[in-house]
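Each chain, letter by letter, is given below.
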Amino acid sequence: MTIRRQYSLPNCTLVLEGLSDGSAASQLDIRPVLSILMSAECYVTGLSGPLSGGRDFFESLVRAVSSYAQEFMSGVHYPDRYGPNLGMVQLHRIDGNLHRLTVLPAETGSPSQIDQKTELSAKVDLTTVQLFDLVEAIDQFFADTQTLPELSLQLTPISKRYVKSAEPLAKRSLPAVVGVSSLALAAMAFFLVPVPEVQRPRDPVPQPNAAGQNLGTPNPGGSGSPNPNPTPAAGGLLPGTQTPNAESSSPTPIPAPQPDASPPSATPQSNTLPESTPSPVSEGLASPEVAAVPISDPGEIELLKGKLSQQIDGVVKNKPPVDAELVYRVSVAKDGAIVGYKSENSAAVDRSETPLSELLYKPIGSRPPAEPLADFRVVFAPDGTVQVTPW
């Protein structure tokens, strides 16, 4: 039983006739498989008759139309398509809207009966619309799995060597020309730069010493080598060659002591100062030449009193009570530091150690000479209490 398959488009119709392979599975299918192609006909609008042929004609038509459509849409010319192995069907572009389809006659002595059906060549000029209708009909054939399932179209990507750049050669070569020109200009600029002159270090010039003589350069042994050009000393003579004159050679006479001279007697003077008594012991107080500015603000004095009491209590609580009452005059700076103290009674003067020595400010740098100070009276009682009152 002959099987007929038709793929219709508005401007092109593709009709295939053939037989099934006769297998049981194919006989039971509602739409049997067309596996043996007997004839293929291509109807194009405007032609009086169809283009017909056998399997070779149909396979050549499929390959030629698919390859030409790929070239037309990509814009890349594939010259191997027109190589020595030309098929029965060929497509060439005439102008922007016309494409010539040529069907060559079958080869002489071909054993295929189907090849002998195409006895004369045919030439058909297709418009772009007709061409793409033919392409769509072929795509419908490949989408039909029940018609010639063993026939498939093998599409391969085109090599990059066939791709022509859209940019002209002058535009593509411009970056290389600019790079070479820049390199040449840089080389010329380097040639114009003068070569720097290298100056050798000069020997050091010996400098005269304070006495007006040039000392020799010391050697590693520690002794200096004599200067070959010594500077004349005072008087116009070189060192070591000065000759004493007559005036300088005579010694100066020294008067002898008178034997009858009696030593002057010490007579008391009426303005002799009385013997001064020693002052009380003082530590860290400012010198009398610089007068310290007293702190007169009552609030600040009360704040410094609290700081001083807190410092003394921290030291006294770890020490035994004193034997007698000790009275001191303590000077405190604005930051609360104890900058000095002075003993004010005999018991404090006779005592070698005092708790205030541990609290005395030990300067790391230097404090202002006229720093404002506040003086306090500090009394250490034998019962262990400490009284701090403004002076």
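Analysis parameters
Residues numbered from 1 in each chain as written. Predicted model: local features only at pLDDT ≥ 70, side-chain atom pairs only at ≥ 80, totals over all residues. Heavy atoms only, no water. Phe/Tyr/Trp six-rings, centres within 6.5 Å; stacked < 30°, edge-to-face > 60°. Helix = DSSP H or I, 4+ residues; strand = E, 2+ residues; numbered from the N terminus. Buried < 20%, exposed > 50% of the residue type's maximum accessible area, 1.4 Å probe, protein only. Core = buried A, V, L, I, M, F, W, Y, C linked by side-chain atoms within 4.5 Å. Contact = heavy atoms within 4.5 Å. pLDDT = per-residue confidence, 0-100.

## Examining the packing of aromatic side chains
Item 1. Inspection of the entire model under this criterion finds seven aromatic pairs.
Item 2. Taking the centre distance of 5.1 Å and the plane angle of 55° together, the rings of phenylalanine 141 and phenylalanine 142 count as tilted.
Item 3. Centroid distance tyrosine 328 to tyrosine 341: 6.0 Å. Interplanar angle 80°. Geometry classified as edge-to-face. Taken as a pair, tyrosine 328 in strand E9 (residues 326-333) and tyrosine 341 in strand E10 (residues 338-343) lie far apart in primary sequence, 13 residues in all.
Item 4. Given a relative accessible area of 1%, tyrosine 328 falls into the buried group.
Item 5. Look at tyrosine 341 and you get buried, because its relative accessible area is 6%.
Item 6. An aromatic cluster is built from Tyr7, Phe58, Phe141 and Phe142, whose rings are joined through pairwise contacts.

## Observations concerning the nonpolar core
Item 1. Membership of the largest hydrophobic core comes to 35 residues, with the highest contact counts inside it found for Phe57, Phe58, Val89, Leu101 and Leu134.
Item 2. Elements with a contribution of two residues or more to this core: strand E1 (3-8), strand E2 (12-19), strand E3 (36-44), helix H2 (55-74), strand E5 (89-93), strand E6 (98-103), strand E7 (122-127) and helix H3 (128-143).
Item 3. For this core, the leading source of residues is H2, giving eight residues.
Item 4. Once you skip the residues sitting within four places of it in the chain, leucine 134 turns out to touch Cys12, Cys42, Leu61, Val65, Leu101 and Leu126.
Item 5. The next biggest cluster of nonpolar side chains, apart from the first, holds 23 residues, and it includes Ile301, Leu308, Ala374 and Phe376.

## Some words on the confidence of the model for the chain
Item 1. Residues with a pLDDT of 70 or more make up 66% of the chain, whose mean pLDDT is 74.
Item 2. Note that residues 108-120 has pLDDT below 50 and, in this model, 21 contacts with residues that lie over four places away or in other chains.
Item 3. In the predicted structure, residues 212-226 sits below a pLDDT of 50 and forms 19 contacts with residues beyond four places in sequence or in another chain.

## Re the environment of aspartate 133
Item 1. Here aspartate 133 shows up in helix H3.
Item 2. When its relative accessible area of 12% is taken as the criterion, aspartate 133 is described as buried.
Item 3. Along the sequence, aspartate 133 and leucine 9 sit 124 residues apart, while their C-alpha atoms lie 6.0 Å from each other.
Item 4. If we skip the residues at most four places from it in the chain, aspartate 133 touches Leu9, Pro10, Asn11 and Cys12.

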